[in-house]
Amino acid sequence: MGDKTMTADEVVSRLESGMTLGIGGWGSRRKPMALVRALLRTGVTDLTVVSYGGPDVGMLAAAGRIRRLVTAFVTLDSIPLEPHYRAARERAGFELTEVDEGMFLAGLRAAAHRLPFLPVRAGIGSDVLRINPELRTVTSPYEDGETLVAMPALRMDAALVHVGRADRLGNGQCLGPDPYMDDLFCEAADAAYVSCERIVDTAELTKEAPPQSLLLTRLAVTGVVEAPHGAHFTSCAPDYGRDEEFQRLYAATPWPEFTERFLGGDEAAYRSAVREWRKEQTG
Amino acid sequence: MSTPETAVTRAALPPPTRAEYCVIACADAWRGAGEILASPMGLIPSLGARLARLTFAPDLLLTDGEALLVGPDGAPEGWLPYRRHLDLVAGGRRHVMMGASQLDRYGNQNISCIGDWARPRRQLLGMRGAPLNTLNNPTSYWIPRHSRRVFVERVDVVCGVGYDRAAGLGGAARFHHLARVVSDLGVFDFATPDRTMRLASLHPGVSVERVREATGFALAVPDEVPRTREPEAAELRLIREVLDPQGARTREVPEKARG
């Protein structure tokens, strides 16, 4: 059995411009931010990003890396509207495929099941069909004859997710109360990269947590990155909550200024810049 | 309420505030709902759902806003992470009370963006679950600031589906049901022949004229408009002492209300 551990830089070195990239988490919750930060250090661009959007989308949009975004929303949760995403969208910085949350989930499931689409009773009657003219409907072949939306599979070249623990083989554990759709992202992608708070021995995964916390199966995982605090400033329950102060700073700071101060170097430089900033706040 | 009320306790209670009428009006959206999930978005609808659960709708299910189903005291009774929540929406055993950036007379709702979708003047949240919600389970809306900016002739993007659009959908709309709209001025329903928005009750202190001024479309107004019902003393006590002792509701609907 292979050791799948790699560094964040090794992960992003496997990503190429033009790829379709899925990003796990939900809003400003358990986003693989260390991997997103590593991605921002590369020249990879022209991405189709598939995400229940949070600051992952805000940062990649602000940095001009997104050609098309597929989403149902973009939010920082405690700050309802993501300012960098908004700015990019209002200056037409990328194309948008906007669907309903349940349609998005059906698209992930279809991709994970190797189906071309899944039918959903959502989108009918709303402007989802107007703003996505490529969407098709299907008619139930049964007696009811209902017209449903055929949500196409959201198949991805790669997925990035962040969980609490993982072993070196790629088994990933979610210790928080909500798995979001991270396992589906991994199964819907040709390659899935998992960052985690801590890499532990396989046996240790179930020492204190139940087996159903083992969210990601190594079958669907290509690489594992140990990235302590790798979801910062989003939440990673139960290890840490959202860094609300830092998120407020992120939301209020012009993108070039934020980039220069926090994203100029590697992950260690990021952490030390955050520590410096925090010292200024308390000092 | 079965709680006995004495003249003494009733006299001791200050009169209900506008925010409290709003809580009551939201709570009533779940009256008779049975054993379904209440999904309130926003503080006042949340207080309403919990009040309903504590009083006339004891079978309601509540969430903690995250991954747990909880009792009114916050004690967990179930697991409902986002994925299962979306599945539950599709199954329909839920009544959601959403917000709206724009709402038209048929109940079409927009939370996506303002202006042309292709090049928005203001990007908002996005569709979220509005299309799924409105075709699968009963839906109500909560509007904390009733104005012509929200109650518009035509919404820029239809996220939640209104009655005019549902009418043309046949079987796909058989679960479509917009129950009520609660604003800081009154309660509205769609009990008109063409299913357009109707003033169902006015919060005390609000005039029909005031509502008309703040509404960007011609609202159906019956000859006699009832007032939003009075909270019972026990309900007021629950709101004030149990559900929101810090008075956060007053921040969502200030007492110096636009009358």
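Residues numbered from 1 in each chain as written. Chains lettered and ligands numbered in written order. Predicted model: local features only at pLDDT ≥ 70, side-chain atom pairs only at ≥ 80, totals over all residues. Heavy atoms only, no water.

- Going by an unreviewed UniProt entry, chain B carries the name CoA-transferase and comes from Streptomyces camelliae.
- As its UniProt record puts it under Sequence similarities (unreviewed entry), chain B is described as follows: "Belongs to the 3-oxoacid CoA-transferase subunit B family." (UniProt positions renumbered as here; feature names shortened; annotations may be inferred.)

- As annotated in an unreviewed UniProt entry, chain A is Acyl CoA--acetate/3-ketoacid CoA transferase subunit alpha from Streptomyces camelliae.

1. Digging into the overall build of chain B
So, step 1. Along the backbone of chain B there are nine helices and 13 strands.
So, step 2. For 259 residues, the compact-globule estimate of 2.2 N^0.38 gives 18 Å, and the C-alpha radius of gyration of chain B, at 18 Å, lies within 12% of that figure.
So, step 3. With respect to the three principal axes, the spread of C-alpha positions in chain B is 60 × 45 × 35 Å.
So, step 4. Here chain B holds 259 residues, and the buried ones make up 54% of them.
So, step 5. Residue pairs in contact within chain B that sit at least 24 positions apart in sequence constitute 68% of those at least 6 positions apart.
So, step 6. Only carbon and sulfur atoms are counted for the fraction: they give 52% of the accessible area of chain B, which is about 10900 Å². (Helix = DSSP H or I, 4+ residues; strand = E, 2+ residues; numbered from the N terminus. Rg over C-alpha atoms; globule rule 2.2 N^0.38 Å. Buried < 20%, exposed > 50% of the residue type's maximum accessible area, 1.4 Å probe, protein only. Contact = heavy atoms within 4.5 Å. Areas by Shrake-Rupley, 256 points an atom, 1.4 Å probe, with all protein chains shown as cover.)

2. Observations regarding the packing of helix α2 (residues 18–27) of chain B against helix α8 (residues 233–243) of chain B
Residues and elements named next belong to chain B.
So, step 1. Contact geometry for α2 and α8: axes closest at 11 Å, N-to-C directions at 110°. As far as their axial angle goes, α8 and α2 are roughly perpendicular. Here E20, V23 and I24 of α2 lie close against α8, whose contacting residues are E235, L236, I239 and R240. (Axes fitted to C-alpha atoms, helices over the stretch in contact; angles between N-to-C directions. Parallel < 35°, antiparallel > 145°, perpendicular 65-115°, else oblique.)

3. Focus: the environment of R31 of chain B
Residues and elements named next belong to chain B.
So, step 1. Structurally, R31 can be placed in the loop between α2 and β1 (37–40).
So, step 2. R31 gets classed as partly exposed once you look at its relative accessible area, which sits at 44%.
So, step 3. Residues R31 and A52 lie 21 residues apart in sequence; the distance between their C-alpha atoms is 7.1 Å.
So, step 4. Non-local contacts of R31, meaning those with residues more than four positions away in its chain, are made with F56 and R229.

4. Remarks on the sheet that holds strand β3 (residues 68–70) of chain B
Residue and element names in this part refer to chain B.
So, step 1. Pairing is antiparallel in the open sheet, where three strands are placed in the order β2-β3-β4. Edge positions in the sheet fall to β2 (62–63) and β4 (76–79), since each of these pairs with one other strand and no more.
So, step 2. The pairing of β2 with β3 spans two bridges and is classified as antiparallel. Residue pairing in the sheet places L62 in a bridge with V70 of β3. (Pairing = 2+ DSSP bridges.)

5. Here we look at the sheet that holds strand β6 (residues 136–139) of chain A
Residues and elements named next belong to chain A.
So, step 1. Strand order in the open sheet formed by three strands is β5-β7-β6, with antiparallel pairing between adjacent strands. Taken across any chain shown, the strands that pair with only one partner, and hence form the sheet edges, are β5 (117–120) and β6. The mean angle between the axes of side-by-side strands here comes to 40°, regardless of whether they run parallel or antiparallel.
So, step 2. Running at roughly 150° to β5, helix α5 (residues 101–112) makes contact with β5 and β7 (147–152) of the sheet.

6. Side note on empty space enclosed by the protein
So, step 1. Under the counting rule described, the total for this entry stands at one cavity of 30 Å³ or more.
So, step 2. The space that makes up the largest cavity amounts to roughly 40 Å³. (1 Å grid on protein atoms, 1.4 Å probe; cavity = no way out; pocket = protein on both sides within 12 Å on 5 of 7 lines; lining within 4 Å. Points joined across faces, edges and corners; volume = space filled by probe spheres on them.)

7. A short note on helix α4 (residues 83–90) of chain A
So, step 1. Residues H84, Y85, R86, A88 and R89 of chain A constitute the buried set of α4 of chain A.
So, step 2. The backbone nitrogen of H84 of chain A lies 2.9 Å from a side-chain oxygen of the residue at the head of α4 of chain A, namely E82 of chain A. (Polar contact = N/O pair within 3.5 Å; in protein donor to acceptor, adjacent residues only side chain to side chain.)

8. Here we look at the layout of surface pockets
So, step 1. Computed from the structure, the second largest pocket encloses a volume of approximately 380 Å³.
So, step 2. Together, 17 residues line the second largest pocket, and G176, P177, P179 and Q212 of chain A together with W79 of chain B are the ones closest to its centre.
So, step 3. Here the lining of the second largest pocket is composed, by residue class, of 10 nonpolar, three polar and four charged. (Nonpolar A, V, L, I, M, F, W, Y, C, P; charged D, E, K, R; others polar.)

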